[in-house]
Amino acid sequence: MKKIDISKNVRRKISIKGWCLLLGAVIVMILVWDFVSRTLNKSNNMEATNNAIVTQQTVQTTSTDVPSTDDSSTETTQSIDVSMYNIVSKSIADISKGSLSVINPSHPTNFPDISDKLTNFYYDMGSGYKVSTFEIQLCEDAMEPFNNMMDDFYAQYGINYVTVVNGYTDSSNDQSDGTSDNCSGYALDFKLVTGSQILDFDGTGDYSWIESNCYKYGFILRYSEASAEVTGVQYTPNHFRYVGVPHSNIMQDKNLCLEDYVEFLKQYDFYKEHLYVTLGDINYEIYYVQATGDSTDIPVPKDRYYSISGDNIDGFIVTTLQ
């Protein structure tokens, strides 16, 4: 009779059972780990989704303050930290200097010396227009924007008949007793020269592009039909004036002539409230400082670009980049 080794079979059964239990434990551990991982991932995904929503909301909120086109302006207000400004002094003669100076019969210029600001077309002329003489002068900060504007006009229409016939008028050549806009150094007058013909520039047809788009380059039509009652000058389609960006954009948005615009800016006194303007992705700060006697102390930012223009009336306008 064959003997059966029971202990060996028992050990085999126990061994098999042990392996089964171990395998089961491993499977349970894997399932638990998978569950925990899924839970953590779900939590992380929810957090990431919430962050994405917040970011999207922030972008949307910001976009309501930033214009969708590069030539529209948006105005905001901010608090003023006086410690961030230095002081520069300007004389009473400086009140007539600058691209925002209002020169008219009510406010004649005192003919300040701006010889260091002027250039002539012999040195800086662009290719999209002509000049009646290379000796015509314009303030240097207006020359490049003018060239850009006329180059873009020529690229659009292939016409270079626009001819500059008048620019800066100094005291020796002025016949207006200092009341002409050309005394500013920022004004230009056009005619059309086509071969042997010299025609008036009436701003119609293809040339209407210049009036419609000049604000993008810092220029305005100085005497529009709408402004005649304020300026006292009838519609003059051939006379353009450089005021600079963003001022030209604000004037375009609000339909203001230069006289009305300077008056509008007086509410933004340095010590009260500043005007903050966003144009495309560039932020500007603008404020007004009342002139005080023979010398005026003007706060200017310590570490940012700025420009100062007199208004030729009773104060100064500061424009800075934020």
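Coordinates for the structure precede this section.
Throughout, residues of each chain are indexed from 1 in the direction in which the sequence is written. Predicted model: local features are reported for residues with pLDDT of at least 70 only, side-chain atom pairs are reported and counted for 80 or more only, and whole-chain, interface and lining totals are derived from all residues. Only hydrogens and water are set aside; all other atoms, that is, all heavy atoms of the structure, feed into the side-chain values.

Assigned secondary structure in the protein consists of seven helices and 15 strands. Each residue is assigned to one of three classes by its accessible area relative to the maximum for its type, calculated with a 1.4 Å probe on protein chains only: buried under 20%, partly exposed between the two thresholds, exposed over 50%. By the burial criterion, 40% of the 322 residues in the protein qualify as buried. Long-range contacts, defined as pairs at least 24 residues apart, comprise 65% of the intrachain contacts of the protein with a sequence gap of at least 6. With residues, only the protein chains shown are counted as cover, and all accessible areas are computed by Shrake-Rupley using a 1.4 Å probe. A total accessible area of about 18300 Å² is found for the protein, and carbon and sulfur atoms account for 52% of it. Helix and strand definitions follow DSSP, with helices as H or I runs of at least four residues and strands as E runs of at least two, each counted in order from the N terminus. In what follows, a contact means two residues having at least one pair of non-hydrogen atoms within 4.5 Å.

A few words now on helix 7 (residues 258-265). A large share of helix 7 lies buried, amounting to six of its eight residues. The complete set of buried residues in helix 7 reads Leu258, Glu259, Tyr261, Val262, Phe264 and Leu265.

On to unusual backbone geometry. Note that the residue after Val245, namely Pro246, is joined by a cis bond; omega there is 10°. Position of Pro246 relative to the elements: it lies in the loop between strand 10 (239-242) and helix 6 (247-254). Located in the positive-phi region is Phe111, a residue other than glycine, with phi close to 50°. Following the sequence through the fold, Phe111 ends up in the loop between strand 2 (85-91) and strand 3 (118-120). Owing to a relative accessible area of 27%, Phe111 belongs among the partly exposed residues under this scheme.

Time to look at the pattern of salt bridges. A pairing counts as a salt bridge when a side-chain nitrogen of Lys or Arg comes within 4 Å of a carboxyl oxygen of Asp or Glu. Enumeration over the complete set of coordinates arrives at eight salt bridges. Here Asp181 and Arg241 are joined by a salt bridge, their closest N and O atoms 2.5 Å apart. Here Asp181 is found in the loop between strand 6 (162-166) and strand 7 (187-194), whereas its partner Arg241 is found in strand 10, with 60 residues between them in sequence. Close ionic contact of Lys266 with Asp314 constitutes a salt bridge, the shortest N to O distance being 3.1 Å. Here the residue Lys266 occupies a position in the loop between helix 7 and strand 11 (275-279), and Asp314 occupies one in the loop between strand 14 (306-310) and strand 15 (315-321), the gap between them amounting to 48 residues. One connected set of salt bridges, linked through shared partners, spans Asp181, Arg222, Arg241 and Glu259.

Inspection of the sheet shows strand 7 paired to strand 8 (residues 197-200) by four bridges, in the antiparallel sense. Across the sheet, Lys191 pairs through a bridge with Asp200, a residue of strand 8. Between strand 7 and strand 8, which pair antiparallel one after the other, the connecting turn spans two residues, and Gly195 there sits at a positive phi close to 65°. One requirement defines pairing of two strands: DSSP has to find at least two bridges between them.

Here we take up helix 3 (residues 140-157). Given a helix with a known number of residues, its expected span is that number minus one, times 1.5 Å. For helix 3, built from 18 residues, the straight-helix expectation of 26 Å at 1.5 Å per residue is met to within 8% by its first-to-last C-alpha distance of 26 Å. A positive backbone phi angle near 70° is found at Gly158, which sits one or two residues after helix 3.

Let's shift gears to the packing of aromatic side chains. Note on aromatic contacts: the rings of Phe and Tyr and the six-membered ring of Trp form a pair at centre separations within 6.5 Å, being stacked when their planes are under 30 degrees apart, edge-to-face when over 60 apart, and tilted otherwise. Applying the stated criterion across every chain, the model contains 23 aromatic pairs. Ring geometry for Phe146 versus Phe190: centroids 5.9 Å apart, planes at 35°, classification tilted. One end of the pair, Phe146, is in helix 3; the other, Phe190, is in strand 7, and 44 residues separate them in sequence. Summarising the burial analysis for this pair, Phe146 and Phe190 share the class buried. Between Phe270 and Tyr271, the aromatic rings sit 4.8 Å apart at their centres with planes inclined by 90°, giving edge-to-face as the arrangement.

All right, on to the pairing of strand 14 then. By the bridge criterion, five bridges tie strand 14 to strand 15 in an arrangement that is antiparallel. Within strand 15, the residue paired with Ile308 across the bridge is Val318. Once strand 14 ends, the chain turns through four residues before running back antiparallel as strand 15, passing Asn312 with a positive phi of about 65°.

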